[in-house]
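Chain by chain, the residues:
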Amino acid sequence: MESGRTTLLKEQQLKDQFDNLEKHTQSGIEFVERYTKFVKERSEIEINYAKQIRNLSKKYQPKKNSKEEEENKYTSCRAFLSTLNELNDYAGQHEVIAENLTSQIITELLRYLTELKAERKSHFHDGRKAQQHIECSWKQLESSKRRFERDCKEADRAQQYFERMDADINVTKADVEKARQQAQMRHQMAADSKSEYSNFLTKFNQEQNEHYYTLIPNIFQKLQEMEERRIERVGVSMKTYAEVDREVLPIVGKCLDGMTKAAESIEPKTDSKQVVESYKSGFEPPGDVEFEDYGPGQSMKRTVSETSLSNSRGEAKERPSGGKSKGKLWPFIKNKNKSPKQNKEPLSNRFNEFMASKPKMTCLRSLRRGLSLKLGSGPEDFSHLPPEQRRKKLQAKIDDLNKDIQKEMDQKDALTKMKGVYEKNPQMGDPASVDPRIVEMAMNIEKLQSEVQKFEGWLAEVEGRLPSKSDPPRRQSGLYETQNSNSSTVANNCAQDRESPDGSYTEEQSSETQVKVAVANTPEFDDEFDDGDEETLPTIGTCKAIYQFEGHNEGTISVTEGELLYVIEEDKGDGWTRVRRNEEEEGYVPTSYVEVFLETNAKGAMTYI
């Protein structure tokens, strides 16, 4: 009886152990699932982060045909562009992290979880089967034991009944024999039950021994090994988790090194030089502002804010002289016999007016072109641009044309070779079918070459008029106006538009009111461009050339150092003085190149260098 209770206790304890192991292994599986979910969320974060980084890099990439793209010539802008590209590669490494986390951890753990659940289920199935088998054996043993006990009691009762019957003299012999047979049968049944019980007991003991010493320990061992593999697998995944990050660190470091290198490549001086090259106009700075004496008895001089456009022919006609004049016929002049009215105002106001003023257009065609520039694109020769910018545009246009010419020539050569192949092998094609295309390309090349010559002519003109770097230092003026010696030069200047004798830019983007007035009074302006004879301008002083000047442009005159000339028109604030060498040869020279001596009785006389 005691043995039975001990067995039952052991069975209950074993069942409790199975329950504990089942809970523990289930919690282990849940831990793996939780860790897998953690890695999956980290992968999603990496993907989203990489996407946001890429979008950020794309957002700040310079747009095509935009101001930002033009700014890439600066080292700081190029460094920022390199940083954006490195940032894009940096985002790619985070995508690699997400990809490796998915392939090396998440996918593997999900597959392992499926295997782990199946293995755990198999082990606990075997444990429950062994448990049920031992419980079934125990029940059979208990049943045989109870049957043996019952048969023994029945045999004892039958033996006692036989003995009572045999001792009673009143009982017949037949009844006694029947009682004896019944007792023997009960004893035989008890013996059989005993034998069955003994067999079941032996069998149960063997099974119980195998159950507790072989089957259950093996199952527990397998469960233990399963748990150890699970824990080891989690550890490997955690190590891989760190290695995935570590693998991209060298490339991330290179990206950061690239950003550092880009930052170190910034050159402030180079960028500032780029700005100078981009916006250098080629204009010469204005000359010095002359002192204006408004004291008693002093004749008033024209202020510096007035350009040579205010030089009326009336002044020239008032000067006593004989013969014809080759003076410049300036447009937009209404009062020919009146000098401009001078208003006395502080010199600071005149200086502000001078700094805010822009050079005037020299003829009606310039005025109309200025209006067209405000309404649409610039002219083909880029004459609306400052000299230096015009030179760059022309040079760029020539380079593009040369590339087109080279492309056409290459295509023409290819077609010529094809024609040669057709001539040698007529079955491949008709040689005559290539001729129209070759002729068309030859015409295109000729047309492009003529375009190149046209732009090269404009370029040579601009380069000839730009100030030479080898010129000696001199006072320069930025308010140049073309003042030539005859009316034909005036018309030529109108065609050249907005250029002074040295090629400086003189166009003014006038206000809409000025444009309307100029266009409305076109006939009156055209009257100013007559070819009538003018009187020869009188000599108002002399001058000595202190530098040699090559007068290549129309309206100018060449002088040699130390040469003496006659002054016939003083500097009106535009940086040019009109001189005469003889009765037929006169023109303009830079005021800073000569030393002028005006006559004492000349209007507004003063000596200046």
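Definitions and limits used
Residues numbered from 1 in each chain as written. Predicted model: local features only at pLDDT ≥ 70, side-chain atom pairs only at ≥ 80, totals over all residues. Heavy atoms only, no water. Core = buried A, V, L, I, M, F, W, Y, C linked by side-chain atoms within 4.5 Å. Buried < 20%, exposed > 50% of the residue type's maximum accessible area, 1.4 Å probe, protein only. Helix = DSSP H or I, 4+ residues; strand = E, 2+ residues; numbered from the N terminus. Contact = heavy atoms within 4.5 Å. Phe/Tyr/Trp six-rings, centres within 6.5 Å; stacked < 30°, edge-to-face > 60°. Pairing = 2+ DSSP bridges. Axes fitted to C-alpha atoms, helices over the stretch in contact; angles between N-to-C directions. Salt bridge = Lys/Arg side-chain N within 4 Å of Asp/Glu carboxyl O. Patch = residues over 30% accessible without salt bridge, like charges linked within 9 Å, V, L, I, M, F, W, Y side chains within 5 Å. Areas by Shrake-Rupley, 256 points an atom, 1.4 Å probe, with all protein chains shown as cover.

You'll find the protein chain entered in an unreviewed UniProt entry as Formin-binding protein 1 isoform X14, with Salmo salar given as the organism.

> Is there a simple way to think about the nonpolar core in this case?
Inside soluble globular proteins, nonpolar side chains tend to come together where they are buried. Counting residues in each nonpolar core, the largest one holds 31 residues, and the members touching the most others are Tyr35, Val39, Leu101, Ile105 and Tyr241. Those elements that provide at least two residues to this core are helix 1 (2–59), helix 3 (75–167) and helix 4 (173–264). If you tally residues by element for this core, the top one is helix 3, at 13 residues. Beyond its immediate sequence surroundings of up to four residues, leucine 101 is in contact with Val39, Arg42, Ser43, Ile106, Tyr241 and Val244. Counting residues in each nonpolar core, the second largest holds 16 residues, with Cys543, Ile557, Val579 and Tyr593 among its members.

> What should I look at first to understand the packing of aromatic side chains in this one?
Two measures describe an aromatic ring pair: the distance that separates the ring centres and the angle between the ring planes. Applying the stated criterion to the full structure yields 11 aromatic pairs. Judged by centre distance (5.2 Å) and plane angle (90°), the rings of phenylalanine 455 and tryptophan 458 are edge-to-face. One end of the pair is phenylalanine 455 and the other is tryptophan 458, both in helix 10 (residues 435–465) and 3 residues apart, which spans about a single turn. The class of phenylalanine 455 is buried, set by a relative accessible area of 1%. Both rings, one in phenylalanine 549 and one in tryptophan 576, keep their centres 6.2 Å apart while their planes meet at 70°; by these two values the pair is edge-to-face. A residue pair is termed long-range when its members are at least 10 positions apart, and phenylalanine 549 in the loop between strand 3 (541–545) and strand 4 (564–569) and tryptophan 576 in strand 5 (residues 576–580) qualify at 27 residues. On the accessibility criterion, tryptophan 576 (3% relative accessible area) is buried.

> How should the environment of alanine 460 be read in this particular structure?
With respect to the helices, strands and loops of the structure, alanine 460 is situated in helix 10. Separated by 66 residues in sequence, alanine 460 and leucine 394 have C-alpha atoms that sit 9.8 Å apart.

> Would you explain the pairing of strand 7 (residues 594–598) in this entry?
Looking along a regular strand, one sees the side chains alternate between the two faces of the sheet. Only one face of strand 7 is buried: it carries Val594, Val596 and Leu598, and the other face, with Glu595 and Phe597, is open. Bridge count for strand 3 against strand 7 is 5 bridges, and the pairing is antiparallel. Looking across to strand 7, one finds that cysteine 543 is bridged to valine 596.

> Help me understand the sheet that holds strand 3, please; the structure alone is not making it clear to me.
Adjacent strands of a sheet form backbone hydrogen bonds with each other and so pair up, either parallel or antiparallel. The 5 strands are arranged 6-5-4-3-7 in an open sheet whose pairing can be described as antiparallel. Because the sheet does not close on itself, it has two edges, and the strands there are strand 6 (586–590) and strand 7. For this sheet, the mean angle separating the axes of adjacent strands, direction not counted, is 40°. Two strands pair when backbone bridges link them, and strand 4 and strand 5 are joined in this way by 3 bridges, in the antiparallel orientation. Bridge pairing in strand 5 links tyrosine 566 to arginine 580.

> Would you mind showing me how to read the pattern of salt bridges here?
Note on pairing: side chains with opposite charge can pair once their charged atoms come close. Taken as a whole and assessed by the stated rule, the structure comprises 23 salt bridges. Close ionic contact of glutamate 227 with arginine 230 constitutes a salt bridge, the shortest N to O distance being 2.9 Å. One end of the pair, glutamate 227, and the other, arginine 230, are both in helix 4, 3 residues apart, so they sit about a helical turn from each other. Accessibility classification places glutamate 227 together with arginine 230 in one group, the buried group. When salt bridges that share partners are traced, they join Glu108, Arg111, Glu115 and Arg233 into one network.

> What exactly am I supposed to notice about the environment of glutamine 61 here?
Relative to the assigned elements, glutamine 61 resides in the loop between helix 1 and helix 2 (67–70). By relative accessible area, which is 22% here, glutamine 61 ends up partly exposed. Residues glutamine 61 and asparagine 85 lie 24 residues apart in sequence; the distance between their C-alpha atoms is 8.8 Å.

> Help me understand a nonpolar patch on the surface, please; the structure alone is not making it clear to me.
On the surface, a nonpolar cluster with roughly 290 Å² of combined accessible area is contributed by Leu56, Tyr60 and Phe80. Mapping leucine 56 onto the fold places it in helix 1.

> Help me understand the pairing of strand 3, please; the structure alone is not making it clear to me.
On strand 3, burial follows the alternation: Gly541, Cys543 and Ala545 on one face are buried, whereas Thr542 and Lys544 on the facing-out side are not. Direction of pairing for strand 3 relative to strand 4: antiparallel, over a ladder of 4 bridges. In the sheet register, lysine 544 faces strand 4, and the bridge partner there is leucine 564.

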